[in-house]
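Spelled out, the chains give:
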Amino acid sequence: MKARNSYSFITTPARSSSSSTFIASTSTNKNPDVIVIGSGMGGLCAANILRHVHKKTVLVLESHYLPGGCAHTFPIKGYEFESGPTILLGCSKPPLNPLRQVLDICGLNVDWISYSSWGVLGDGDEQWDLELGRDASNRPKFDSIIEERSHSPSLAKTEFAQLLEKTLPLIVPATEIPAMALRADSKVLFTLLAKHTKSLFKLLQLPDAGTGPFDPYMNGPIHTVTDPWLRSWLDGLAFSLSGLEAARTPASAMSYVLWDLHRDNGSLDYPKGGMKSLVNALVSGLGDDEIRLKSTVASIDIVGNRACGVTLKNGEKLESNEGVICNAPLWCLRDLLKPAESDSGNGGVKTLLDEIRSVNMTRSYLHLHVGLDAEGIDQSKLKPHYTVWEKGMVGDSEHVCSELNMIAVSNVCNFDDSLGVPEGKIMMHAYACGNEEYGIWEDLSKEEYEALKKERAETLWSAIEKVVPDARERCEVEMIGSPLTHERFLRRPRGTYGAEVESLFQDGSTPIDGLVLCGDGIFPGIGLPSVALSGVSAANSFVGVWKQLQNY
Ligand SMILES: Cc1cc2nc3c(=O)[nH]c(=O)nc-3n(C[C@H](O)[C@H](O)[C@H](O)COP(=O)(O)OP(=O)(O)OC[C@H]3O[C@@H](n4cnc5c(N)ncnc54)[C@H](O)[C@@H]3O)c2cc1C
């Protein structure tokens, strides 16, 4: 069984399958060096690093008619709706996150809009703005929110200050070690030792080398948060990162976000022109013949124990010189890999499928995309993002992460007038993030399904109405997306947000030679910066350590 929650260089011996044992690409055939399955942000980052940094030829095969995976943008009635992510940190100022690092090293440009507050709406009249950064006396601006909202503010402020202090060492990997130093095999130890010795030693001193969950910082022994309001806030923040409460969210991700939100000059970043600009920038880094849309991979072709190419759903066979990177969600491998009982060389397939069996999915999503008439709406009074707690933030019976409680409302027209939106209109996206059960949507008749969609979208409508009270009268386009919609259009098994942190793959290595994984099933998990990191690691595994070290 694959060890969890720790890099292989620390706890497990090297995989025999290391991709860096591949033969260098000297062939003159037209096969790409590496085939990448999926154009999610993980796959696009991997392909760009391979092409621009390691000078490999690539072919990205995407099943959808649009690139970007969860981050794709789709046009409907003159609007360009964003299917998923909008919130990013670390794109406009150092330390830059792995996604921005990929853009920079590959010479790709995106303009960033920075902003520093988002709205929080609870039940009743609870309403406040999360202001990022620090005040004149160098205290987190968040302290004044704690003061206002917690029932024991001085305890909560002390606990919060100590939390920031105790988690500070955990930001070492993100702030000191560039994504280019990583690779999806145990040889990562050499790259870290060669170029980042001091940071490596700091990393090794962290509990679980910084790869464990946040639990010891919430519930002891390292730190304990007892204030109920602060705990709820941290759970909510974590939930939007991982689909799980704080104690079960990666400690590295939580620590980095806490640090970045509350550091001097902290800001959030959004790509000008929308997520489409970000996806387009990464796609523009590839040649026309290096990305194929509407190309669903039906199987990864393994000969002996080596990934040699893929077969598409239409029967077309494509070979690669050096291997395959799979960016499709982990669970898709159950269909993509065919165990051949009779072929002893395929033992790696069976092992990998066994490992995937133990990866738990987080819950799914409910979406409401609306296009609204903006006549008379004063955007200067609104925020680009809201977190709405429909049932309240602190409560004995309703936990902050319970179903249909925490709803995200994205109002990106607030700060970007270059989005694909008809004149005089705005678009909003409300979603129940990782708190919708897939099971209640299964096996319904068409009528039952439509009725359930209408019924459950009421909560999302209510969240939007908290922002724009007469939103329904203004509505020109309404699209409700269920977990089944999410599964279908984002190609995500059971519409999952991603893997639960306890069962994340520690890195993208597999027991099959030439097959490397990237995406949100791989540490550090969900989120654009995280999948960019696993994309870079996967790409780096296709060159030897010395070449990798020379290339950044
Ligand atoms: C509503 C929503 C809001 C979010 N908000 C944020 C946010 O604000 N900030 C943030 O950082 N993150 C956010 N996330 C999370 C983030 O979007 C994801 O973690 C990330 O985009 C996942 O990227 P990926 O590359 O791992 O996979 P995916 O985006 O899932 O990409 C995988 C790709 O593989 C393709 N594929 C699958 N099977 C095949 C096949 N057989 N053949 C060919 N292609 C195939 C899929 O079509 C897809 O394009 C959000 C996610 C959602 C859904």
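See the structure printed just above.
All values derive from a computational prediction rather than experimental measurement. (Residues numbered from 1 in each chain as written. Predicted model: local features only at pLDDT ≥ 70, side-chain atom pairs only at ≥ 80, totals over all residues. Heavy atoms only, no water.)

Participant: Explanation requested: the site of the ligand in the structure shown.
Facilitator: The ligand sits among 36 residues. The nearest are Glu-62, Cys-70, Ile-87, Asn-327 and Arg-492. Between the ligand and Glu-62 there is a distance of 2.6 Å, counted from an oxygen atom to a side-chain nitrogen or oxygen. Interatomic distance of 2.8 Å between a side-chain N/O atom of Asn-327 and an oxygen atom of the ligand. Contact with the protein chains hides 95% of the accessible area of the ligand, taken as 1,000 Å² for the molecule alone. Residue assignment for the shell around the ligand shows that the elements contributing at least two residues are helix H2 (41–53), strand S15 (364–373) and helix H18 (528–540). Sort the elements by how many residues they give to the shell around the ligand and H18 lands first, with 3 residues. The class makeup of the residues in the shell around the ligand is 16 nonpolar, 16 polar and 4 charged. (Near = heavy atom within 4 Å. Polar contact = N/O pair within 3.5 Å; in protein donor to acceptor, adjacent residues only side chain to side chain. Areas by Shrake-Rupley, 256 points an atom, 1.4 Å probe, with all protein chains shown as cover. Helix = DSSP H or I, 4+ residues; strand = E, 2+ residues; numbered from the N terminus. Nonpolar A, V, L, I, M, F, W, Y, C, P; charged D, E, K, R; others polar.)

Participant: In this structure, what is going on with the side chain of Thr-191? I would like to understand it.
Facilitator: Relative to the helices and strands, Thr-191 resides in helix H7 (residues 188–195). Aside from chain neighbours lying at most four places away, what touches Thr-191 is Ala-181, Arg-183, His-196, Val-545, Gln-548, Leu-549 and Tyr-552. (Contact = heavy atoms within 4.5 Å.)

Participant: For this particular structure, what's the right way to read the sheet that holds strand S11 (residues 297–303)?
Facilitator: For sheets, the rule is that strands pair by backbone hydrogen bonds, running either parallel or antiparallel. The strand order across the open sheet built from 3 strands is S11-S12-S13, with neighbouring strands paired in antiparallel fashion. In this open sheet, the two strands that pair with only one neighbour each are S11 and strand S13 (317–319). Strand-to-strand, the axes of this sheet are offset by a mean angle of 30°, without reference to chain direction. Where strand S12 (residues 306–312) lies against S13, 3 bridges are found, and the strand directions are antiparallel. Among the inter-strand pairings, Val-310 is bridged to a residue of S13, identified as Leu-318. (Pairing = 2+ DSSP bridges. Axes fitted to C-alpha atoms, helices over the stretch in contact; angles between N-to-C directions.)

Participant: Looking at this structure, I do not really get the environment of Asn-219. What am I missing?
Facilitator: Positionally, Asn-219 belongs in the loop between helix H9 (215–218) and helix H10 (228–242). The spatial distance from the C-alpha of Asn-219 to the C-alpha of Ser-299 is 44 Å, given a sequence separation of 80 residues. Apart from the residues lying within four places of it in its own chain, the contact partners of Asn-219 are Thr-224, Arg-231 and Ala-247. Among the polar contacts listed, one links the side chain of Asn-219 to the side chain of Asp-215, at a separation of 2.6 Å.

Participant: What am I meant to see in the environment of Asn-280 here?
Facilitator: Take Asn-280: it is sitting in helix H12 (residues 275–284). Along the chain, Asn-280 and Gly-68 lie 212 residues apart, while their C-alpha atoms are 8.6 Å from each other.

Participant: Please explain the pattern of salt bridges as it appears in this structure.
Facilitator: Note that side chains of opposite charge can pair when their charged atoms are close. Scanning the model with the defined rule gives 30 salt bridges in all. Among the ionic pairs, Asp-104 bridges to Arg-100, the shortest N-O distance being 2.9 Å. With Asp-104 and Arg-100 both in helix H3 (residues 98–105) and 4 residues apart, this pair spans about one turn of that helix. The exposure class of Asp-104 is partly exposed, given its relative accessible area of 36%. A salt bridge links Arg-149 to Glu-148; the nearest nitrogen and oxygen atoms lie 3.8 Å apart. (Salt bridge = Lys/Arg side-chain N within 4 Å of Asp/Glu carboxyl O. Buried < 20%, exposed > 50% of the residue type's maximum accessible area, 1.4 Å probe, protein only.)

Participant: What exactly am I supposed to notice about the packing of aromatic side chains here?
Facilitator: The description of two aromatic rings rests on the distance between their centres and on the angle between their planes. Tallied over the full model, the rule gives 17 aromatic pairs. Here Lys-195 stacks its cationic end above the ring of Tyr-552, 3.9 Å away from the centre of that ring. (Phe/Tyr/Trp six-rings, centres within 6.5 Å; stacked < 30°, edge-to-face > 60°. Lys NZ or Arg CZ within 6 Å of the ring centre and 35° of its normal.)

Participant: Just checking my understanding: could you explain the pairing of S15 for this structure?
Facilitator: Two faces belong to every sheet, and in a regular strand the side chains alternate between them. For S15, the buried fraction is high: 9 of the 10 residues fall into the buried class. Of the strand pairs in this sheet, S15 and strand S19 (residues 475–481) are connected by 6 bridges, and their pairing is antiparallel. In the strand pairing of S19, His-369 is matched with Met-479.

Participant: How should unusual backbone geometry be read in this particular structure?
Facilitator: Negative phi characterises most residues that are not glycine, and trans characterises most peptide bonds. With omega at -5°, the peptide bond leading from Pro-94 into Pro-95 counts as cis. Positionally, Pro-95 belongs in the loop between strand S5 (88–89) and H3. Omega for the bond connecting Phe-523 with Pro-524 falls within 30 degrees of zero, at 5°, which places this linkage in the cis form. Here Pro-524 is to be found in the loop between strand S20 (515–517) and H18. The phi torsion at Asp-208 lies on the positive side, around 55°, for a residue other than glycine. Among the structural elements, Asp-208 can be located in the loop between helix H8 (197–204) and H9.

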